[in-house]
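This is what each chain is made of:
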Amino acid sequence: MSFTFKQFHIDDKECGMAVSTDAVLLGAWAELTQSNHILDIGAGSGLLSLMAAQRSPEHRRIIAVEIDAAAANACQHNIRQSPWHETVQLYHGAIQDFQLQHLNDSAPLFDHIICNPPYFEQGTQAKNSARADARHTNTLSFGELQSVISKLLAPQGTASVILPQQSLASFTQQLNAYGLFVAKQLDIISIEGKLANRSILAIQHHLAVTEQPILTVPPVETQYQQMTIRDKQGRYSETMIDLCRPFYLKL
């Protein structure tokens, strides 16, 4: 399908994971406005990279990493058609390979890492292999993702990810082993009166960053927030409208 936002257009028909409200919320909520050097892990259609380009400073640099060939082609097309074709660079390959190359080149670490990760560790997988890889941790486990974040994120940087509630505990329990902790957590309720079904996490290094994993309690408590997408009549909440107004055409 194709999606037209206020400042760019997304064609995601070749991507394993289509444009979703989850991704838009992540790209709108992440603290990108002061970030100059941004990494998008598992870029898919390039939606998050282009949202980051719209929101961050003019001298920003954004690298979109995508392993799937068809999705990478779609991502490149969407980047070229956008106002930020000179700002966003595509790397077609595994994030593990990108990490090795980036560190070997002694390239600068990233102010912000953004990722809508594969989040199902178990369960029935889609017959479409691209969709299965986009939804399940086949090519990128939680531990591998957190290891990459710990090595590529600048000492004072932030990584933003979105996860379903059923994957939250498994993900957060592993963070401490990589010297990371959740600084902020936004719990998302789809419809007023229901329980939260998604959470966006802002992840940071422990205050003391060393070469060895830090196995202590994070020195700063997590800041918890909550937002509801729609009321019981199906109307967008004011919080949702304010957050997504820069992107959605009809807001």
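Residues numbered from 1 in each chain as written. Predicted model: local features only at pLDDT ≥ 70, side-chain atom pairs only at ≥ 80, totals over all residues. Heavy atoms only, no water.

Tracing the backbone shows S199 in strand 9 (residues 198–205). Linking S199 and L163, residues 36 residues apart in sequence, is a C-alpha distance of 5.5 Å. Of the polar contacts made by the side chain of S199, one reaches the side chain of Q165; its length is 2.6 Å. Side chain to side chain, S199 and D187 meet in a polar contact 2.5 Å long. (Helix = DSSP H or I, 4+ residues; strand = E, 2+ residues; numbered from the N terminus. Polar contact = N/O pair within 3.5 Å; in protein donor to acceptor, adjacent residues only side chain to side chain.)

It is worth spelling out the sheet that holds strand 8 (residues 180–191) at this point. By way of backbone hydrogen bonds, the strands of a sheet pair with one another, either parallel or antiparallel. Taken together, 8 strands build an open sheet; the order of strands is 5-4-3-6-7-9-8-10 and the sheet is mixed. In the strand order of this sheet, the two ends are held by strand 5 (88–92) and strand 10 (223–230), each with one partner. Neighbour to neighbour, the strand axes of the sheet diverge by 20° on average, direction disregarded. In this sheet, strand 9 lies alongside strand 8 in antiparallel orientation, the contact comprising 8 bridges. When the bridges of strand 9 are listed, Q185 appears paired with L201. This element, helix 3 (residues 69–80), spans strand 4 (61–66) and strand 5 of the sheet and lies at about 165° to strand 5. (Pairing = 2+ DSSP bridges. Axes fitted to C-alpha atoms, helices over the stretch in contact; angles between N-to-C directions. Contact = heavy atoms within 4.5 Å.)

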